[in-house]
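# Remarks on the overall topology
The lines below spell out each chain.
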Amino acid sequence: GENVEQHPSTLSVQEGDSAVIKCTYSDSASNYFPWYKQELGKRPQLIIDIRSNVGEKKDQRIAVTLNKTAKHFSLHITETQPEDSAVYFCARGQGAQKLVFGQGTRLTINP
Amino acid sequence: GAGVSQTPSNKVTEKGKYVELRCDPISGHTALYWYRQSLGQGPEFLIYFQGTGAADDSGLPNDRFFAVRPEGSVSTLKIQRTERGDSAVYLCASSSSPGGNTGELFFGEGSRLTVL
């Protein structure tokens, strides 16, 4: 499948500030865009997802925006906390059967 | 158990050997997936099962890789004639959604394979 480009590869923010991670894709058939969080040595865990019929979705401090025309989507974390430190992966797919993941963003929250 | 269970958690083998990795999905989950994650990379799709059948095996890199799910629950990923490039963490995931169209993939902790 076609790749997902994810930026930045590393991100360091002060505790309390916001973090934004962006992904772009080229497969216009994609209709499902999840974000996974992976702590060191642990399993990836879904934190939020969005489907192509929605432009934005929010869950407490986490939000995802999708621009299907421009083929990009972003993760926004507000009021960051030390426990937000992890690697974050975006992914895209036609449904969840065969996800194509980005390269990951290592987020570090500095106290 | 409550989550996806994978065994072994760690496997070290020599080049050319045969390896089996096991995945026990969440009870009742009909969809099961295998992904491979190399160091510093995102998970890479290998194969997807719906029930007992492989619905999509297009991610398997070559014919040395094979996976089965004979009773629609436990799955085994089999790698023949292992090569050093096969070294990675092999992640299994399951989902309750028929066809995997919606809903969360629940990942296991992975099996770390090292080929010397």
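Only a predicted model underlies this, so the values are computations on that prediction, with no experimental measurement involved. (Residues numbered from 1 in each chain as written. Chains lettered and ligands numbered in written order. Predicted model: local features only at pLDDT ≥ 70, side-chain atom pairs only at ≥ 80, totals over all residues. Heavy atoms only, no water.)

### Here we look at the overall build of chain A
Along the backbone of chain A there are zero helices and eleven strands. Beginning at the N terminus, the succession of helices and strands in chain A can be written as β-β-β-β-β-β-β-β-β-β-β. What you see for chain A is a C-alpha radius of gyration of 13 Å, in line with the 13 Å of a compact globule of 111 residues. If one aligns the C-alpha atoms of chain A with their principal axes, the spans along those axes are about 40 × 25 × 20 Å. Taking all contacts inside chain A whose residues are at least 6 apart in sequence as the whole, residues at least 24 apart take part in 54%. (Helix = DSSP H or I, 4+ residues; strand = E, 2+ residues; numbered from the N terminus. Rg over C-alpha atoms; globule rule 2.2 N^0.38 Å. Contact = heavy atoms within 4.5 Å.)

### Notes on the layout of surface pockets
Considering only enclosed or pocket space, the largest pocket measures out at about 740 Å³ in volume. In this structure, the largest pocket is lined by 33 residues; those nearest its centre are Gln38(A), Gln37(B), Leu39(B), Gly40(B) and Arg112(B). Counting residues per element, the ones that place at least two in the lining of the largest pocket are β9 (86-92) and β11 (105-110) of chain A together with β9 (88-95) and β11 (111-115) of chain B. Looking at the lining of the largest pocket residue by residue, the class counts come to ten nonpolar, 18 polar and five charged. Size it by volume and the second largest pocket reaches roughly 400 Å³. Lining the second largest pocket are 21 residues; nearest its centre among them are Asn3(A), Val100(A), Phe101(A), Pro43(B) and Glu44(B). Going through the elements one at a time, β1 (4-7) and β10 (100-101) of chain A together with β4 (31-37) and β5 (44-50) of chain B are the ones with two or more residues in the lining of the second largest pocket. Looking at the lining of the second largest pocket, the element that brings in the most residues is β1(A), giving three residues. Residues of the lining of the second largest pocket, tallied by class, amount to six nonpolar, eleven polar and four charged. (1 Å grid on protein atoms, 1.4 Å probe; cavity = no way out; pocket = protein on both sides within 12 Å on 5 of 7 lines; lining within 4 Å. Points joined across faces, edges and corners; volume = space filled by probe spheres on them. Nonpolar A, V, L, I, M, F, W, Y, C, P; charged D, E, K, R; others polar.)

### Topic: the side chain of Arg64(B)
Residues and elements named next belong to chain B. Locating Arg 64 in the fold gives a position in the loop between β6 (53-56) and β7 (65-68). In this structure Arg 64 comes out as buried when scored by relative accessible area, which is 7%. Ignoring any residue separated from it by four or fewer positions in sequence, one finds Arg 64 in contact with Lys 78, Ile 79, Gln 80, Arg 81, Thr 82, Glu 83 and Asp 86. (Buried < 20%, exposed > 50% of the residue type's maximum accessible area, 1.4 Å probe, protein only.)

### Topic: the interface of chain B and chain A
A common way to state how big an interface is: give the accessible area lost once the parts meet. Contacts between the two partners involve 23 residues from chain B, matched on the other side by 18 residues from chain A. A buried area of about 1,800 Å², summed over both sides, lies between chain B and chain A, and 46% of it is on carbon and sulfur atoms. A per-residue breakdown of the area chain B buries against chain A is headed by Pro43(B), Phe107(B) and Glu109(B), which together make up 29% of the total. Remark: the boundary between chain B and chain A carries two salt bridges. Its salt-bridge partner being Arg43(A), residue Glu109(B) comes within 3.0 Å of it at the nearest N-O pair. On the surface where chain B and chain A come into contact, there are seven residue pairs in polar contact (both at pLDDT 80 or more). At three residues, the largest contribution of residues to the side of chain B that touches chain A is made by β4(B). Taken together, the residues of the side of chain B that touches chain A break down into nine nonpolar, eleven polar and three charged. (Buried area = accessible area lost by both parts, 1.4 Å probe. Salt bridge = Lys/Arg side-chain N within 4 Å of Asp/Glu carboxyl O. Polar contact = N/O pair within 3.5 Å; in protein donor to acceptor, adjacent residues only side chain to side chain.)

### Some remarks on the sheet that holds strand β7 (residues 62-67) of chain A
Residues and elements named next belong to chain A. With antiparallel pairing, five strands are arranged side by side in an open sheet as β1-β3-β8-β7-β6. Taken across any chain shown, the strands that pair with only one partner, and hence form the sheet edges, are β1 and β6 (56-59). Strand-to-strand twist of the sheet, defined as the mean angle between neighbouring strand axes without regard to direction, takes the value 15°. Looking at chain direction, strand β3 (residues 19-25) and strand β8 (residues 72-77) are connected through six bridges and run antiparallel. (Pairing = 2+ DSSP bridges. Axes fitted to C-alpha atoms, helices over the stretch in contact; angles between N-to-C directions.)

### Things to note about the pairing of β6(A)
All names here are of chain A. Bridge analysis of β6 against β7 gives four bridges, and the strand direction is antiparallel. Residue pairing in the sheet places Glu 56 in a bridge with Thr 65 of β7. Hairpin connection, β6 to β7: the antiparallel pair is bridged by two residues, and Gln 60 has positive phi, about 55°.

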